[in-house]
Structures are given as C-alpha cells and as structure tokens.
Amino acid sequence: MSHPFFKKHYALLERAVETAKERGYWSAYPEMPSPKVYGEGAAERGKAAFDACLNRPFEIDHPGAETYHGPRCGQETSPYGFALKIDYPKPSPEEIFPALEAARKEWSKAGPDVWAGVCLEILARLNERSFEIAHAVMHTTGQAFMMAFQAGGPHAQDRGLEAVAYAWDLLRDIPRKARWEKPQGKHEPLVMEKRYRVVPRGVGLVIGCCTFPTWNGYPGLFASLATGNAVLVKPHPGAILPLAISVKVAREVIREAGFDPNVVMLATHDPGERLPSQLALRPEVKLIDFTGSSVNGEWLERNAIQARVFTEKAGVNQILVDGTDNLKGMAANIAFSLSLYTGQMCTAPQNIYIPENGIDTPEGHLSFDEVAAAIGQALEKLLGPVERAVEILGAVQNYGVLERIGAAREIGKSEGRVIVDSVALTHPAYPGARVHTPLLVRLDAGQEEIYSKEWFGPIAFLVATKDTAHSLEIAGRMVCRHGALTLSLYSTDDTVIERAVERAEETGVALSINLTSSVYVNQSAAFSDYHGTGANPAANAALTDAAFVAGRFTVAQHRYHV
C-alpha cells in the first residue's frame, strides 16, 4: 500500500537513508532562520502564532478537550520572566487508551510506505512552523532564540527524519512473501508459500523533558509512528507547548491521510501528579521513550516490564587536559561549551581534569592555576558584552539549577576554591529572566564524592590529578559507574590519544579530540553522530541507530503448501 505523501517525500527519504549509512554532513531542514529560506514574513507569523497561544485554552481536536471543565492544567512559566497561562486538555487514561486502541488498528495495517510518508509530511509541516515552535521552546526551556530555533526546530526535525529513515530501511528489507522449496532427492520437492507481515508492538509512550522537548522527543515519536505504532506524548509539565503543537500538527496530517487522528494523542499533567508512572504501567503501553533523571529512568526500566524502555538519563561528562598546541583555542572552546545554554545540556562537560603539575603548551609549561586562569579568562571574554552573553547563555530553566549553583559555590568556598563565580545578568529585553554565568570550582582528585555526581547546570569542577594517566583512570571509572554521553581530550601525545580512544570504546562514550574551532563537545549532529551508546548508565539506547527502531515491531508469518 502506498500513499501520495510517500510519493511526495520519497526522494527525501532515500537521501536520508543514504546519508545515515555514510554518516556525512547533511541537514534536510535549513537551520538558519532566514527569510530567504522560510519566506518573507515567516518570522513574524511564527511569533504571532506563539503569542496567540498565550493566556487561553490550547486549541486541539482531542478526546477530552471539548468536555474539559476541571482545574486548569498548565503552569508553564517562561524562564524569561512571565507566565504562559495556557490551559491544556487533561483527558483521563480512561478516555485516552480506548481512543488509542481504536485508532491504531487501521494504522497498524497501513504498511511501511504509508507510515513513512505520513511521518515525512508531519515533519514538513513542523518545519513550516519552526518559528512558532522556536518561541515555544525558548519560553519553556530558557534556550536563547537562535538555539531554540535550531535545536527545537530543524535539528529536532532532522533527528525525527533519521528515525523514520532507519525504520523504513529496516522494514523494506522484510519480504511480503517467499516461495520455499526443499529438495527431496528422487521425490518431488517440498514447496510452501510463506507470507510475512510487520506487526507493530502497540502504543508508544513518549515522556518529554523540560530542556529539549522536541530534540529528545521526536526520535521516539517518529520511530514508533514509522513502525506502525500509536503514540501517546506526555510532555514535561514545565515544557508542554512545543510538544502540544507537535501533536496538533501530527493529528492534522494523520486525519488528512485518511486515518483516525487518535493515532497520536497528548497527555498533560501539573507538577507533582503521578500521571507518568500511571501511564507507564498501563498494559497497552508497549514502548516507552524517556529523557530525564536517573531515578525516574531506572524506575521505568525496573517496573515497566510490559514495555520496551528506551532511556536517556543523567551522566557525568568530562574533559581531560593533557596538553595542547593551541591554548587560546582550547580555552575558548571549553568556555563556550560550559556557557552554551547555561550548561543545561545532557552533553555539557562538568569535570575538567588537569594534572596538578600542569601541561605543556606553545606558551611553555603552564601550571594548573595558569591553565585554570586561561579558561576563566576565556569565559570572561566570551561573556563580557551582556548582549552577546544572553544569546549564548539563554536562561535557567528551573529553580533547582539555581539551588545547585548555590550548593556548589558553598563547596568551593569551604573545600576547594572558586576560580570563577557565577553571577546573575540582567537581560536587555527580559528584565525578569533568570540568566546566570558558569561557576568554576577547583577540587582535588580525592574529593570524588563531590564531582562523581551530575551537577546539572552551569557548574564545572576543575580537578587536580596526579597526571594524565590518573585523569584517564578517574574518567573511565566515572563513565562506568555514573554514565556519560561525552568525553573530551586535549593532547599532543599520540600514545595518550590512543589510550583515550581505547578507554572510550571500552566504556561506551563518545570521544572528541582537540576541539579548538567551531565544533563543540555539546553538539550532536543527526545522520552522523550516535547520541548515546547504550553501553554505560547514562543511556540504554542510542539516538539513532537500527537497534532504536528494530524493537518497535515484530514479524508475523503464515505458510501453506503449494
């Protein structure tokens, strides 16, 4: 079974499949918010669409929306200093799951080409609304506008497309039928015809996060849709709007394609409510995609035993400094990595290991304190003009981050040394915004009880180690015990680099070596970088590879003699 949407987007799909295999650079959706790309007036229309969402009920044709008269669901507050005041429908599980089950029956039989075509049309329409989604991401997560546009829009769409490409490529290799002949010597061969059908697992549950709701949410959403499953999207209560818009768009496309729009549904709740755990344990839920804390992720892995669970959890990302042939480039790269979105990225570095006796550089041998000072000076230079600083830092998503800054500062004062203090900045356009610069604290290697846990936010520990071998030993242990998505190394010694590569492979963490230009350890590119490995406690899956989609369907067969 084919569909006009599949024919419309077939060339794009083939290109995505090809690029995913080559792992080179390609982006299907332009990342620059230029009128030359998105059309004159697109930015203004997107901002107007976002503004139209504020201070009113969210309009969506959804079971429960028309009868909802209960307490307001929706307490989103922009990290830039104002309440969104959006009411969302709050259907009960008793309303949600019968609708999902009824809708998925026809959808599950549509086949890979239809599933892919509909997904690609959804992505195309999401791309058209990238400006609206950018403002929604900005004012729920705290990302600065440019980052919200890129990461929340085109980059997230690329990740969704990547999942669709992997799913379709796997499914098209499954034959619909086969003729089976077994020779019987002098007798007639045994002849059978065998037929095969892809059978989706059932209902997928996407549990969104508050910092990257679309970038982390789209892979699971589209991997499940592209393998024929129905999907229930449960946003984080602090960042509902970006995924609510996405669900609304998906439902519109699915209806136009001739299917029940309840193939994709939205489940919302206020902070403190137990809805996520209630949904996760429903027998209808066969797939769960989760991004969030280790506590919640591990609970899902242990308890949602009826489902395939894909998790991205907390980790301790690290930088090893052994030496450099470009001190200025190294310091600037580290400073930007620590500052980007105020360190509120699952890939942002936290621990920076520097030998206590210093490192060799073109400027000569530098002590630990001199290396730390170089990083501190790079931070000050980067964040000097406040107008530039706020576009890099964005805003702090929630008060828990501010509490961690305060706790780390106290540790720095009592047990280590504050190298660079975190300071609050006044945003020129949003005086109420929570804008804070990174905090750098010196620790000794023996203070592992402090730096061995994740301090999510603009907090970095510069750890004095005996030597690079000691740094590498600590880093490997941290990855194995606590997980990590990224590891970075600065060295001019090929032997050190080889050892770091081996250790990264052993512990299952992505390694970046000598980044001194405009590529940062925080960044993960669709179609090229595997985000996560599933080989350490930070994540049990990778975004995106064949394994990420293969478990979302089974193959049923029947056979008979010919």
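The present account deals with the structure reproduced in this document. The shown structure was predicted, so the numbers you read here are calculated from the model rather than taken from an experiment.

This next bit is on unusual backbone geometry. Outside of glycine, negative phi angles account for most residues, and trans bonds account for most peptide bonds. For the peptide bond that leads from L543 to T544, omega is -5°, which places it in the cis range. Within the element layout of this structure, T544 appears in the loop between strand 22 (510-513) and helix 20 (546-550). Positive phi, normally seen in glycine, also occurs at R23, with a value near 65°. Residue Y341 is not a glycine yet carries a positive backbone phi of 50°.

Another aspect to go through is helix 8 (residues 154-172). The end-to-end C-alpha separation of helix 8 is 26 Å, in line with the 27 Å expected for 19 residues at 1.5 Å each. In terms of residue burial, helix 8 counts as a mostly covered element, since 16 of its 19 residues are buried.

Moving on, we get to the sheet that holds strand 5 (residues 177-184). Taken in spatial order, the 3 strands make up an open sheet running 5-6-23, and their pairing is antiparallel. Two strands lie at the open edges of the sheet, namely strand 5 and strand 23 (553-561), each paired on one side alone. Strand after strand, the sheet turns through a mean of 25° between neighbouring axes, direction not considered. Bridging between strand 5 and strand 6 (residues 187-200) involves 7 bridges; their strand directions are antiparallel. Looking across to strand 6, one finds that A178 is bridged to K194.

Residues F58, V118, I122, V164, F222, L225 and L241 are the most contacted members of the largest nonpolar core, which totals 126 residues. When near neighbours in sequence (up to four residues on either side) are disregarded, V118 contacts F5, W107, V253, I254 and A257. V441, I450, A500 and A504 belong to the second largest nonpolar core, which has 30 residues in total.

Let us now look at the pairing of strand 8 (residues 230-234). For strand 8, a buried count of 5 out of 5 residues is recorded, marking the element as mostly surrounded by other parts of the structure. By the alternation rule, side chains of strand 8 split into A230, L232 and K234 and V231 and V233, which are all buried. Relative to strand 8, strand 7 (residues 203-207) runs parallel, the two sharing 5 bridges. Directly across from I207, in strand 8, lies its bridge partner K234. Between the parallel pair strand 7 and strand 8, the chain is carried across by helix 9 (residues 213-225), and the sense of this crossover is right-handed. Crossover handedness for the path strand 8 to helix 10 (residues 241-256) to strand 9 (residues 264-266): right-handed.

So, about the side chain of H3. Note that H3 resides in the segment before helix 1 (4-22). Overall, the relative accessible area of 11% leaves H3 in the buried class. At a separation of 3.3 Å, a polar atom in the side chain of H3 contacts the main-chain carbonyl oxygen of A257. Leaving out residues up to four positions away in the same chain, H3 has contacts with V114 and A257.

Calculation rules
Residues numbered from 1 in each chain as written. Predicted model: local features only at pLDDT ≥ 70, side-chain atom pairs only at ≥ 80, totals over all residues. Heavy atoms only, no water. Helix = DSSP H or I, 4+ residues; strand = E, 2+ residues; numbered from the N terminus. Expected span 1.5 Å × (residues − 1). Buried < 20%, exposed > 50% of the residue type's maximum accessible area, 1.4 Å probe, protein only. Pairing = 2+ DSSP bridges. Axes fitted to C-alpha atoms, helices over the stretch in contact; angles between N-to-C directions. Core = buried A, V, L, I, M, F, W, Y, C linked by side-chain atoms within 4.5 Å. Contact = heavy atoms within 4.5 Å. Right-handed = clockwise from strand over helix to strand, strands pointing away. Polar contact = N/O pair within 3.5 Å; in protein donor to acceptor, adjacent residues only side chain to side chain.

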